[in-house]
Amino acid sequence: MSEILKMVKARDPGENEFHQAVQNVIQSVQPVLERNPEYRRKAVLERITEPERVISFRVPWMDDQAQIRVNRGFSIEMNSALGLYKGGLRFHPSVTQSILKFLAFDQVFKNALTTMPMGGGAGGSDFDPHGKSDAEVMGFCQNFMAELYRHIGPNKDIPAGDIGVGAREIGYLFGMYRRLRNEFTGVMTGKGLGWGGSLIRLEAAGYGCVYFAAEMLAGRNDGLEAKTCLVSGSGKVAQFITEKLIELGAKVLTLSDSSGYIYDEEGIDSDKLKFVKQLKNIRRGRIREYADKYTGAVYTEVDNTLDYNPLWNHPANCAFPAATENEIREKDAYNLINNRVGVVCEGANMPCTAEAVEIIQGRGNILYAPGKAANAGGAAAAGLEMVQNSMRLTWTREEVDNRLKIIMKNIHKTCLDAADQYGTPGNYVNGANITGFVKVVEAMLDQGVV
Ligand code: NDP
């Protein structure tokens, strides 16, 4: 284990997700450090693994029974060498400082890959929006913002959505910020189209992920048409991965939520996807209802006694994990390989455990794209929303989508070039980590010891 990783583990014991994210980058950038002894002398790893600031705060709120509840809120300001802090807000009961530090850390490199002037951050709370009334969610969001507003701003930190933070939550959060500051600024991205949002922003992480997969396949003179695909999750990213896959002629077989998954042998078509969007975004129901409506589909409940997820054990050409971190474990990776999956393209952040990554990469013939690169379309479109807000104008859907396609193409090429340059051709993990790392480190060195 590298000295730096030892130091990080000793300094932040128990932050397993953060350690995992750091290890992933440190492994990739070893050859960069060897070629640049100055990086070691100037302690870039020590600096880049330490957040610039970690803010933790109490969020008291009142439920519909007038009971006082208390959650914990966070804002992780990881690195601002390239620009203001930019990252998602996550509301999920599993949220800890470790999870948000891993998200913020990966976001630093992801944002660098987009080539936009954005640093990296993340925030959120262990609040669980599931089963809460709109009034409760609004009450929570307002109390969360009552503290967060001190730490964010259009030149400081512009948060976006992540798990559990969608259009409804962004609206409540933005509304409270506007009230507290008495100003209307582009302080959040993912806003409603009528009040500063950008077309394609909602779709961008999912669409971009599919564009990335298409680029990888194009390198082998192949495409997504008629490919069978496993998709996990049924939230913002999964829905738009599915939408773009359908558009490109692929067949999506699965979707999931935290209770279970559906397998639809006939494929999820546009009408069925419309049902899923209504189910998850409006009715806030469970994916099991898909199998009630479409009787050809099979629903399988989560079984926590298993050390694998049966969703990943269906024969298919491509896998798009788009639910959450560490959802593809060792056994899942072997199942994917045994079922001859040719593409694993991450819509979620860090959905593969370190062991799973090693197994998948061990099979040199699988095209494997880390979320840092493959889902960077979300960050890129957030950047495009910021640009439109600053210029006080709105681009058309086609304009934003075209920019997104170009950005994903460029990220793909940059990753391949860096992987080649450092002697690991085709290794998108190394390519993404090295490109992001060098860009951020060079900016840090230019700016002195701060
Ligand atoms: P959503 O909240 O919209 O959807 C998340 C989906 O994943 C839901 O179906 C949810 O199920 C499921 N899920 C969440 N946690 C778990 C869990 N612990 N186990 C099993 N299933 C789970 O989130 P997003 O689609 O926005 O985010 C999904 C992933 O994509 C995350 O890793 C996020 O960091 C990443 N991402 C998001 C971007 C964005 O712009 N939103 C951009 C780039 C990456 P349920 O309905 O039961 O909660």
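This structure is a prediction, so every number in the text was calculated from the model and none was measured. (Residues numbered from 1 in each chain as written. Predicted model: local features only at pLDDT ≥ 70, side-chain atom pairs only at ≥ 80, totals over all residues.)

Chemist: Let's hear about the site of the ligand: which residues, and what values?
Modeler: Around the ligand, the surrounding shell holds 27 residues, and the nearest of these are Gly235, Asp257, Ser258, Ala348 and Gly378. Within the residue set of the shell around the ligand, elements represented by two or more residues are strand E5 (157-161) and helix H9 (236-247). Broken down by element, the shell around the ligand gets its largest block of residues, 3 residues, from H9. Classifying every residue of the shell around the ligand by side-chain character gives 8 nonpolar, 16 polar and 3 charged. The residues that make up the shell around the ligand include at least three from each of domain 1 (2-185) and domain 2 (204-369). (Near = placed C-beta within 6 Å. Helix = DSSP H or I, 4+ residues; strand = E, 2+ residues; numbered from the N terminus. Nonpolar A, V, L, I, M, F, W, Y, C, P; charged D, E, K, R; others polar. Domains from an automatic or database assignment.)

Chemist: Could you give me a rundown of the sheet that holds strand E7 (residues 251-252), with the residues and numbers involved?
Modeler: Judged by pairing direction, the sheet is parallel, and its 5 strands sit side by side in the order E7-E6-E11-E12-E13 without closing on themselves. The strands lining the two open edges of the sheet, one partner per strand, are E7 and strand E13 (367-369). The sheet contact formed by strand E12 (residues 343-345) and E13 spans 3 bridges and is parallel. Looking across to E13, one finds that valine 343 is bridged to leucine 367. Its contacts with the sheet place H9 against strand E6 (228-231), E7 and strand E11 (318-320), and it is angled at close to 170° to E6. (Pairing = 2+ DSSP bridges. Contact = placed C-beta atoms within 7 Å. Axes fitted to C-alpha atoms, helices over the stretch in contact; angles between N-to-C directions.)

Chemist: Quick one: what's the story with the pairing of strand E3 (residues 85-91), residue by residue and with numbers?
Modeler: Summarising burial for E3: 7 of the 7 residues are buried, a large majority. In terms of strand pairing, E3 meets E5 through 5 bridges, oriented parallel. Looking across to E5, one finds that glycine 87 is bridged to proline 159. Two strands pair when backbone bridges link them, and E3 and strand E4 (residues 120-125) are joined in this way by 3 bridges, in the parallel orientation. Counterpart to leucine 89 in the pairing with E4 is glycine 123. Since E3 and E4 lie parallel, the crossover through helix H5 (residues 97-113) that links them has a hand, and here it is right-handed. (Buried ≥ 20, exposed ≤ 12 C-beta atoms within 10 Å, placed from the backbone. Right-handed = clockwise from strand over helix to strand, strands pointing away.)

Chemist: How would you summarise the packing of helix H15 (residues 376-391) against helix H16 (residues 397-421) if you had to cite specific residues and measurements?
Modeler: At a minimum axis separation of 10 Å, H15 and H16 run at an interaxial angle of 135°. Relative to H16, H15 is oriented oblique. Viewed along their axes, H15 and H16 form a crossing whose handedness is right-handed. Facing H15, whose interface residues are Ala376, Gly377, Ala380, Ala381 and Leu384, H16 presents Val400, Arg403, Leu404, Ile407, Met408 and Ile411. Across the contact of H15 with H16, the residue classes break down as 9 nonpolar, 1 polar and 1 charged. (Parallel < 35°, antiparallel > 145°, perpendicular 65-115°, else oblique. Left-handed = near helix turned anticlockwise from the far one by under 90°.)

Chemist: Can you explain the environment of cysteine 415? Please cite residues and give values.
Modeler: For cysteine 415, the location among the structural elements is in helix H16. Take cysteine 415: there are 30 C-beta atoms within 10 Å of it, and that puts it in the buried class. Remark: the alpha-carbon pair of cysteine 415 and alanine 373, spanning 42 residues in sequence, is separated by 8.0 Å. Setting aside anything within four residues of it in sequence, one finds cysteine 415 in contact with Ala373, Tyr428, Gly431, Ala432 and Thr435.

Chemist: Just give me the short version of the environment of lysine 6, but keep the residues and values in it.
Modeler: Here lysine 6 shows up in helix H1 (residues 3-11). For lysine 6, a count of 10 C-beta atoms within 10 Å gives the class exposed. Separated by 59 residues in the primary sequence, lysine 6 and glutamine 65 have C-alpha atoms spaced 47 Å apart.

Chemist: Give a description of the sheet that holds E5 that names residues and reports values.
Modeler: Picture the strands of a sheet paired through backbone hydrogen bonds; they go either parallel or antiparallel. Here 5 strands make up an open sheet; going across it, the order is E1-E2-E4-E3-E5 and the pairing mixed. Looking at strand neighbours, the two that pair on one side only are strand E1 (53-62) and E5, the edges of this open sheet. For this sheet, the mean inter-axis angle between neighbouring strands, taken without regard to orientation, is 20°.

Chemist: How would you summarise the environment of valine 95 if you had to cite specific residues and measurements?
Modeler: Along the chain, the position of valine 95 falls in the loop between E3 and H5. With residues up to four places along the chain from it excluded, the contact list for valine 95 reads Arg90, Leu100, Gly124, Ser125 and Asp126.

Chemist: I'd love a proper account of the domain arrangement of the protein, names of residues and values included.
Modeler: The assigned domain composition of the protein is domain 1 (2-185) and domain 2 (204-369). A straight line from the C-alpha centre of domain 1 to that of domain 2 covers 26 Å. Listed per partner, the contact involves 10 residues of domain 1 and 7 residues of domain 2. Those elements that provide at least two residues to the side of domain 1 that touches domain 2 are helix H2 (16-35) and H5.

Chemist: How would you explain unusual backbone geometry if you had to name every residue and give the values?
Modeler: Non-glycine residue asparagine 221 carries a positive phi angle of around 55°. Mapped onto the elements, asparagine 221 comes out in the loop between helix H8 (201-218) and E6. Not every positive phi belongs to a glycine, and arginine 392 is a case in point at roughly 55°. Following the sequence through the fold, arginine 392 ends up in the loop between H15 and H16.

Chemist: So what's going on with the packing of H9 against helix H10 (residues 270-282)? Residues and values would help.
Modeler: Look at H9 against H10: their axes get within 10 Å of each other, and the N-to-C directions meet at 170°. Taken together, the axes of H9 and H10 are roughly antiparallel relative to one another. Seen from H9, the contacting residues are Gln239, Thr242, Glu243 and Ile246; seen from H10, they are Ser270, Leu273, Val276 and Lys277. Per-class residue counts for the contact of H9 with H10 are 3 nonpolar, 3 polar and 2 charged.

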